[in-house]
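What follows is the residue order along each chain.
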Amino acid sequence: MSSSESTYETCLKSLAVNGNEEAPSTDALLQCITTTFDAQINNTNDSVDAFFLLYAASLVFFMQAGFAMLCAGCVRINNVQNTLLKNMLDACGASLGFYTVGYAFAFGGSFDDEYGKSFIGSENFFLMGVENDFR
C-alpha cells in the first residue's frame with residue numbers, strides 16, 4: 001500500500017476481478033479493511049512490546065548504578081573503588097546469568113493446549129534456537 005492511498009482504495013483495487021467495473025460486496029470490502037487494520041495493530045503491538053522490554057531493562061541497569069552510588073556513599077573513601085568494582089561485577093554477572101538461563105526460564109516455556117504456557121521454560125538456554133522476529 002502506497003502512502004498516498006487509503007486502506008479503502010487499496011482494498012477496492014485488490015478486490016477488483018479482471019477489470020470488472022462492478023463494485024465488490026460490502027462484506028468482502030469490510031473483511032479486507034479489517035484484515036489490514038489487524039495486521040497494522042499487531043505490528044504496533046509488537047513494537048510497543050519491544051520498546052517496553054528495552055525500557056524496563058534500561059531502568060534495571062540505572063537502578064544498579066544508583067545502588068552503586070548508594071554503596072559508595074556508605075563506605076570510607078579508600079573502599080569506594082572496591083565497592084564500585086563489586087557493583088559492576090554484579091551487573092556483569094546478572095547479564096551473563098540472564099543470557100545463560102534467565103531468558104530460557106522467562107520465555108522458553110512450551111505451549112500446551114490443555115494448560116497453556118508452562119510456568120518456567122525448559123528450552124532456549126544460551127539463546128539457542130531463538131529467532132530474530134521477537135516472538
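Residues numbered from 1 in each chain as written. Predicted model: local features only at pLDDT ≥ 70, side-chain atom pairs only at ≥ 80, totals over all residues. Heavy atoms only, no water.

Colleague: Looking at this model, I keep getting lost on the environment of Gln-81. Mind explaining?
Modeller: Locating Gln-81 in the fold gives a position in helix H3 (residues 80-107). Along the primary structure Gln-81 and Asp-49 are separated by 32 residues, whereas in three dimensions their C-alpha atoms are 38 Å apart. (Helix = DSSP H or I, 4+ residues; strand = E, 2+ residues; numbered from the N terminus.)

Colleague: I'm lost on the domain arrangement of the protein in this one. Help?
Modeller: One frequently used descriptor of interface size is the decrease in accessible area upon assembly of the parts. Each domain of the protein was delimited in the assignment, giving domain 1 (25-74) and domain 2 (88-134). Computed from C-alpha atoms alone, the centre-to-centre distance between domain 1 and domain 2 is 18 Å. Counting across the domain 1 and domain 2 interface gives zero salt bridges. Inspection of the domain 1/domain 2 interface yields one residue pair in polar contact (both at pLDDT 80 or more). Grouping the amino acids of the side of domain 1 that touches domain 2 by side-chain chemistry returns three nonpolar, one polar and one charged. (Domains from an automatic or database assignment. Salt bridge = Lys/Arg side-chain N within 4 Å of Asp/Glu carboxyl O. Polar contact = N/O pair within 3.5 Å; in protein donor to acceptor, adjacent residues only side chain to side chain. Nonpolar A, V, L, I, M, F, W, Y, C, P; charged D, E, K, R; others polar.)

Colleague: Whenever I open this one, the packing of aromatic side chains confuses me. Can you help?
Modeller: Here the distance between the centres and the angle between the planes together describe a pair of aromatic rings. According to the stated counting rule, one finds five aromatic pairs in the structure shown. An angle of 90° between the planes, with centres 6.4 Å apart, marks the rings of Phe-98 and Tyr-103 as edge-to-face. Ring plane angle 80° and centroid distance 5.9 Å describe the contact between Tyr-99 and Phe-126, whose orientation is recorded as edge-to-face. Remark: Phe-126 occurs in the segment after strand S2 (116-117) and Tyr-99 occurs in helix H3; sequence separation between them is 27 residues. According to the relative accessible area criterion, Phe-126 is partly exposed, its value standing at 47%. (Phe/Tyr/Trp six-rings, centres within 6.5 Å; stacked < 30°, edge-to-face > 60°. Buried < 20%, exposed > 50% of the residue type's maximum accessible area, 1.4 Å probe, protein only.)

Colleague: Hey, could you run me through the environment of Asp-49 in this one?
Modeller: Turning to its location among the elements, Asp-49 is positioned in helix H2 (residues 26-73). Residue classification places Asp-49 among the partly exposed residues on the basis of a relative accessible area of 46%. Distance from Asp-49 to Val-130, taken between C-alpha atoms, is 17 Å for residues 81 residues apart in sequence.

Colleague: Got a minute to help me understand a nonpolar patch on the surface in this structure?
Modeller: A contiguous nonpolar patch, built from Leu-96, Tyr-99, Phe-126, Leu-127, Met-128 and Val-130 and spanning about 590 Å² of accessible area, is present on the exposed surface. Under the relative-accessibility criterion, Tyr-99 is labelled partly exposed at 38%. (Patch = residues over 30% accessible without salt bridge, like charges linked within 9 Å, V, L, I, M, F, W, Y side chains within 5 Å. Areas by Shrake-Rupley, 256 points an atom, 1.4 Å probe, with all protein chains shown as cover.)

Colleague: What's the story with the pattern of salt bridges in this structure? I'm lost.
Modeller: Pairing is possible between side chains of opposite charge, provided their charged atoms come close. According to the stated counting rule, one finds one salt bridge in the structure shown. Between Glu-5 and Lys-13 there is a salt bridge, with the nearest N and O atoms lying 2.3 Å from each other. According to the relative accessible area criterion, Lys-13 is exposed, its value standing at 57%.

Colleague: Looking at this model, I keep getting lost on the packing of helix H1 (residues 7-15) against H2. Mind explaining?
Modeller: A pair of packed helices is characterised by two quantities: the angle between their axes and the separation of those axes. Two elements in contact, H1 and H2, have axes whose closest approach is 9 Å; the angle formed by their N-to-C orientations is 125°. Judged by the angle between their axes, H1 and H2 are oblique. Here the hand of the crossing between H1 and H2 comes out right-handed. Touching Thr-7, Tyr-8, Cys-11, Leu-12, Ser-14 and Leu-15 of H1 are Ala-28, Leu-29, Cys-32, Ile-33, Thr-36, Phe-37 and Gln-40, all from H2. A per-class count over the contact of H1 with H2 returns nine nonpolar, four polar and no charged. (Axes fitted to C-alpha atoms, helices over the stretch in contact; angles between N-to-C directions. Parallel < 35°, antiparallel > 145°, perpendicular 65-115°, else oblique. Left-handed = near helix turned anticlockwise from the far one by under 90°. Contact = heavy atoms within 4.5 Å.)

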